[in-house]
There are 2 protein chains.
Amino acid sequence: MSQHNKIMSRFDTIAFDADDTLWHNERLYVNAQTKFKQLLAQYHSPEWIDARLYQTEMRNLDHFGYGIKAFALSMIETALELTEGRISGADIQAIINFAREMLAADVELLEHVADTIPILAAKYPLMLITKGDLRDQEMKIARSGLSAHFHQIEIVSDKNQANYARLLQRNGILPDRFLMVGNSLRSDILPVLALGASAVYIPHRLTWQHEVVDSPPPEQPGYYQLEHVGLLPELLVGLEHSGQ
Amino acid sequence: MSQHNKIMSRFDTIAFDADDTLWHNERLYVNAQTKFKQLLAQYHSPEWIDARLYQTEMRNLDHFGYGIKAFALSMIETALELTEGRISGADIQAIINFAREMLAADVELLEHVADTIPILAAKYPLMLITKGDLRDQEMKIARSGLSAHFHQIEIVSDKNQANYARLLQRNGILPDRFLMVGNSLRSDILPVLALGASAVYIPHRLTWQHEVVDSPPPEQPGYYQLEHVGLLPELLVGLEHSGQ
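Residues numbered from 1 in each chain as written. Chains lettered and ligands numbered in written order. Predicted model: local features only at pLDDT ≥ 70, side-chain atom pairs only at ≥ 80, totals over all residues.

**Focus on the overall build of chain A**
Looking only at helices and strands, chain A features 9 helices and 6 strands. Taking 18 Å as the expected radius of gyration for a compact globule of 244 residues, we find that chain A reaches 20 Å, a close match to that expectation. Taking the principal axes of its C-alpha atoms as reference, chain A extends roughly 65 × 35 × 30 Å. Across the 244 residues of chain A, 41% fall into the buried class. Taking contacts inside chain A between residues at least 6 apart in sequence as the whole, the part at least 24 apart equals 71%. (Helix = DSSP H or I, 4+ residues; strand = E, 2+ residues; numbered from the N terminus. Rg over C-alpha atoms; globule rule 2.2 N^0.38 Å. Buried ≥ 20, exposed ≤ 12 C-beta atoms within 10 Å, placed from the backbone. Contact = placed C-beta atoms within 7 Å.)

Shown next as structure tokens:
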């Protein structure tokens, strides 16, 4: 990484979350869930289906983990429960097809990402830290066209403080010299701040209920909030000058 | 890793496959598949069900990848196809439960593993290289009780030559100084030999059809075959002395 440090920078590494920070993701789930509710419309209200599906996902999280395949299995299980097993084979197949379409979907970058990432990559070593299904995430990174800008790509099973600590240690990065950028307070911001690193929260219009935390964004040193990633270079220029 | 190299060794790293090299895995799939065939016994012969399930798995591999969740989705899809959608909701739920039981199953080490790994770990830095579902593999490694013996654990989406090459390069290991141990010629042995590294093939009684290669084990320098992992320390002593 030394070629980046000709001039001493405030951060040794800037890390990005991927789903709904660099590219759209949650809307794939929302769209599939809308079609799922249409399948079950004769049995239950949309609100009840949403609530039961979320319950099933939380019950299955320990064993099935995150990702599209886990979501598909939870949709099938919810459909069986909500119809007392009367759902048709064609409808179960339709649910599996939702998953296959999600896995094959184009990667659509968020606004400002395609312009901003190369600018940042010229000044800082960039890291991508994402959680979920290994193969699915690898395919999305490849399809995104962004991978050449990232020095390192880390796919973890969960984004908790212990996993971040291990990742920084393994790469010899001091928390004080690390900045994480993401759309989830729960996964990208709070565990990173807890380590003493810096974090930029960029809220996304769609956020999965599980990632939502009740507490307001923290007011503490090292925490920043931006409206979109296009504002990040300017924030960084400010931080470099102020030495914060 | 330098503490291991007080005496110059033939290998800088010995890497192990996990599933069916260190612990039983394929039998979980075989058992689930047996129950799956019982569910569908009124519709088709066991041979036909096996053949159609394998077809479905291969068709889904690109999108669903390896692992238990992918297997569950392929079983459900096969059941729908083989019953023309007439399979009951209770039977679909039974298939999802097979997957949940597989994910929660105890990790049972293969014979000689518990004795041999600590002996090897005292002489060589050990690495674990496994493919499949990130969370599932992490849980198995934790439950195995072996993780303290491994310097490094790598979970990859596929074990091909490119992924091995990247892994060695990232860790600064020369192929000539790397030995891989595993039960799959396709995933553990052939891609490693192709890089110029060494490989020890330890066949397992149960091997998934997809991992079976038609060609006989290669006759080439750096290739070894053993009956069980308990014979590995002796093989290594021989290699250290012969300088091969």
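So that's the structure; there's more coming.
**Describing the pairing of strand β1 (residues 13–16) of chain A**
Residues and elements named next belong to chain A. Here β1 shows two buried faces, one formed by Thr13 and Ala15 and the other by Ile14 and Phe16. With 4 bridges joining them, β1 and strand β4 (residues 178–182) adopt parallel strand pairing. Residue pairing in the sheet places threonine 13 in a bridge with phenylalanine 178 of β4. Bridging between β1 and strand β2 (residues 126–131) involves 3 bridges; their strand directions are parallel. Considered in β2, the bridge of phenylalanine 16 is made with leucine 128. (Pairing = 2+ DSSP bridges.)

**As for the domain arrangement of chain A**
Residue and element names in this part refer to chain A. Under the domain assignment, chain A is made up of domain 1 (2–24 + 108–242) and domain 2 (27–104). Centre-to-centre separation of domain 1 and domain 2, based on C-alpha positions: 30 Å. Tallied by class, residues from the side of domain 1 that touches domain 2 come to 2 nonpolar, 4 polar and 3 charged. (Domains from an automatic or database assignment. Nonpolar A, V, L, I, M, F, W, Y, C, P; charged D, E, K, R; others polar.)

**Focus on the sheet that holds strand β2 (residues 126–131) of chain B**
All names here are of chain B. An order of β3-β2-β1-β4-β5-β6 is seen for the 6 strands of this open sheet, with the pairing classed as parallel. Strand pairing shows two members of the sheet lacking a second neighbour, β3 (152–156) and β6 (223–225), which therefore form its edges. Averaged over neighbouring strand pairs, the angle between their axes works out to 20° when direction is ignored. (Axes fitted to C-alpha atoms, helices over the stretch in contact; angles between N-to-C directions.)

**As for the packing of helix α3 (residues 68–82) of chain A against helix α4 (residues 89–104) of chain B**
Where α3(A) meets α4(B), the axes come as close as 10 Å, and the angle between the chain directions of the two elements is 145°. In this structure, α3(A) meets α4(B) at a crossing whose hand is left-handed. Contact residues: α3(A) offers Leu73(A), Ile76(A), Glu77(A) and Leu80(A), while α4(B) offers Gly89(B), Ile92(B), Gln93(B) and Ile96(B). Its residues assigned to classes, the contact of α3(A) with α4(B) shows 5 nonpolar, 2 polar and 1 charged. (Left-handed = near helix turned anticlockwise from the far one by under 90°.)

**Some details on the interface of chain B and chain A**
Counting residues at the interface gives 27 residues for chain B, matched by 27 residues for chain A. Counting only elements with at least two residues in the side of chain B that touches chain A, the list comes to α2 (46–64), α3 (68–82), α4 and α6 (134–144) of chain B. Examining the composition of the side of chain B that touches chain A, we find that 8 residues originate from one element, α4(B), more than from any other. For the side of chain B that touches chain A, a count of residues per class yields 14 nonpolar, 7 polar and 6 charged.

**Focus on the nonpolar core**
Core analysis: the biggest nonpolar cluster contains 74 residues, and Val181(A), Ala199(A), Val181(B) and Ala199(B) have the highest contact counts within it. Ignoring any residue separated from it by four or fewer positions in sequence, one finds Ala199(B) in contact with Leu179(B), Met180(B), Asp188(B), Ile189(B), Val192(B), Leu193(B), Gly222(B) and Tyr223(B). Counting residues in hydrophobic clusters, the runner-up holds 50 residues, among them Leu80(A), Tyr66(B), Ala70(B) and Ala79(B). (Core = buried A, V, L, I, M, F, W, Y, C linked by C-beta atoms within 7 Å.)

**Examining the relation of the copies chain B and chain A**
Under the fitted operation, chain B is carried onto chain A by 0.0 Å of movement along the axis and a turn of 180°, and the coordinates agree to an RMSD of 0.0 Å. Viewed as a symmetry operation, the transformation between the two copies matches a two-fold axis. The share of interface residues of chain B whose copies in chain A are also at the interface is 100%, consistent with both copies meeting through the same surface. (Least-squares fit on C-alpha atoms with pLDDT ≥ 70 in both.)

**Notes on helix α2 (residues 46–64) of chain A**
At Met58(A), α2(A) is deflected by roughly 30°, the largest bend along its length. Those residues of α2(A) that fall on the buried side of the exposure criterion are Ile49(A), Leu53(A), Thr56(A), Glu57(A), Asn60(A) and Phe64(A). On its buried side, α2(A) packs onto α1 (26–39) and α3 of chain A together with α3 of chain B. The first or second residue beyond α2(A) is Gly65(A), which carries a positive phi of 70°. (Bend = angle between axes of the 7 residues up to and from the residue.)

**Some thoughts on the packing of α3(A) against α3(B)**
For the pair α3(A) and α3(B), the least separation of the axes is 9 Å and the interaxial angle reads 45°. In this view, α3(A) runs oblique relative to α3(B), as classed from their interaxial angle. Judged by the sense of rotation from one axis to the other, the crossing of α3(A) with α3(B) is left-handed. Within the contact between the two elements, α3(A) uses Lys69(A), Ala70(A), Ala72(A), Leu73(A) and Ile76(A) and α3(B) uses Lys69(B), Ala70(B), Ala72(B), Leu73(B) and Ile76(B). Residue composition of the contact of α3(A) with α3(B), by class: 8 nonpolar, no polar and 2 charged. (Parallel < 35°, antiparallel > 145°, perpendicular 65-115°, else oblique.)

**Overview of the sheet that holds strand β5 (residues 198–201) of chain A**
Residue and element names in this part refer to chain A. If you walk across this open sheet you meet the 6 strands as β3-β2-β1-β4-β5-β6, and the pairing is parallel. The open sheet terminates on both sides in strands that have one partner only, identified here as β3 (152–156) and β6 (223–225). Going from strand to strand, the sheet's axes swing by 20° on average, the running direction of each strand aside. Pairing geometry for β4 and β5, over 4 bridges, is parallel. In the sheet register, leucine 179 faces β5, and the bridge partner there is serine 198.

**Observations regarding the environment of Trp208(A)**
Residue and element names in this part refer to chain A. Counting through the fold element by element, tryptophan 208 comes out in the loop between β5 and β6. Sequence separation between tryptophan 208 and leucine 185 is 23 residues, and the spatial gap between their C-alpha atoms is 12 Å. Aside from chain neighbours lying at most four places away, what touches tryptophan 208 is Glu26 and Tyr29.

**Notes on the environment of Arg177(B)**
All names here are of chain B. Within the fold, arginine 177 resides in the loop between α7 (161–170) and β4 (178–182). Along the primary structure arginine 177 and phenylalanine 36 are separated by 141 residues, whereas in three dimensions their C-alpha atoms are 44 Å apart. Aside from chain neighbours lying at most four places away, what touches arginine 177 is Phe11 and Asp12.

**Some details on unusual backbone geometry**
The bulk of non-glycine residues show a negative phi, and the bulk of peptide bonds are trans. At Glu84(A), a position not held by glycine, the phi torsion is positive, near 50°. Structurally, Glu84(A) is set in the loop between α3 and α4 (89–104). The exposure class assigned to Glu84(A) is exposed, which follows from the 10 C-beta atoms found within 10 Å. In this structure, His112(B) takes a positive phi of about 75° despite not being glycine. Tracing the backbone through its elements, the reader meets His112(B) in the loop between α4 and α5 (113–121). On the neighbour-count criterion, His112(B) (15 C-beta atoms within 10 Å) is partly exposed.

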